[in-house]
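# Inside the fold
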Amino acid sequence: WQAKNSSWTVLQDFDLKATSKLSFNFGIKFEKKDIQKKYDNPYGVYQTPAEWIANGGSYPFPAPPQDVTQGQNRAYPEDRGLYLQGRFRVTDKDILILGGRSDHNSAYGTATTLRMGYVGNHGSWGFKALYGEGFQEPTPRTLFGEFRGAGSDPNLKPEKSNTVEVSATYTSRIFSV
């Protein structure tokens, strides 16, 4: 079951400390893929179990697939992304985080996601409140595998998700809760 795929990616991340209280992370991404949709799957001759036994348990396996690509069996998606996240130290004990990301996929369009958070440490107490969003495109295997019985579906769409996390901790010299 041959699949000939290739991709190349260019990423660049930056860190900028604007002041002692404010810093930024930002970056860009570009990815270009050349994906085979269906596997190159040469089929051998059909044999019934009785024929297989009559042939002494031997089977004339097919020749391996040719090492060529077929244009009608290819996909060429491109991904472009840009993100920015800021971190602001309100006090020595409190930090606010705010970020956003925009990704554009040639097959699915543009998705914008957010990230926000608060982290605080006050004596023995620690507090955290975070919110984040995500966007995940289907993998080539789940889109273009040979058949639905293997879990493939060319009609799959990207998944969107979000998460919320809130926590409080207390730490003393002998225990942590």
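## Some thoughts on the overall build of the chain
- Secondary structure assignment for the chain yields two helices and eight strands.
- Beginning at the N terminus, the succession of helices and strands in the chain can be written as β-β-α-β-β-β-β-β-α-β.
- Taken over the C-alpha atoms alone, the chain extends approximately 80 × 40 × 25 Å along its principal axes.
- When the 177 residues of the chain are sorted by exposure, 20% land in the buried category.
- The contacts of the chain with a sequence gap of at least 6 include a subset with a gap of at least 24, amounting to 53%.
- Element-wise, carbon and sulfur atoms account for 58% of the exposed surface of the chain, whose accessible area totals about 12500 Å².
- Once the 21 positive and 18 negative side-chain charges of the chain are each reduced to a mean point, those two points are 7 Å apart.

## Describing the pairing of strand S2 (residues 22-36)
- One ladder, built from twelve bridges, connects strand S1 (residues 6-17) with S2; its direction is antiparallel. Bridging from a neighbouring strand, lysine 17 pairs with serine 23 of S2.
- Once S1 ends, the chain turns through four residues before running back antiparallel as S2.
- As judged from the eleven bridges shared by S2 and strand S4 (residues 78-89), these two strands associate in the antiparallel manner. Note that in S4 the partner of glycine 27 across the bridge is tyrosine 83.

## Examining empty space enclosed by the protein
- Scanning the entire structure with this criterion turns up one cavity of 30 Å³ or more.
- The calculated volume of the largest cavity comes to roughly 30 Å³.
- Considering the residues around the largest cavity, the lining is formed by Gln36, Asp40, Val68, Thr69, Gln70, Asn73 and Arg74.

What counts and what doesn't
- Residues numbered from 1 in each chain as written.
- Predicted model: local features only at pLDDT ≥ 70, side-chain atom pairs only at ≥ 80, totals over all residues.
- Heavy atoms only, no water.
- Helix = DSSP H or I, 4+ residues; strand = E, 2+ residues; numbered from the N terminus.
- Buried < 20%, exposed > 50% of the residue type's maximum accessible area, 1.4 Å probe, protein only.
- Contact = heavy atoms within 4.5 Å.
- Areas by Shrake-Rupley, 256 points an atom, 1.4 Å probe, with all protein chains shown as cover.
- Lys, Arg positive; Asp, Glu negative; His and termini not counted.
- Charge placed at Lys NZ, Arg CZ, Asp CG, Glu CD.
- Pairing = 2+ DSSP bridges.
- 1 Å grid on protein atoms, 1.4 Å probe; cavity = no way out; pocket = protein on both sides within 12 Å on 5 of 7 lines; lining within 4 Å.
- Points joined across faces, edges and corners; volume = space filled by probe spheres on them.

None of this, on its own, says anything about what the molecule does.
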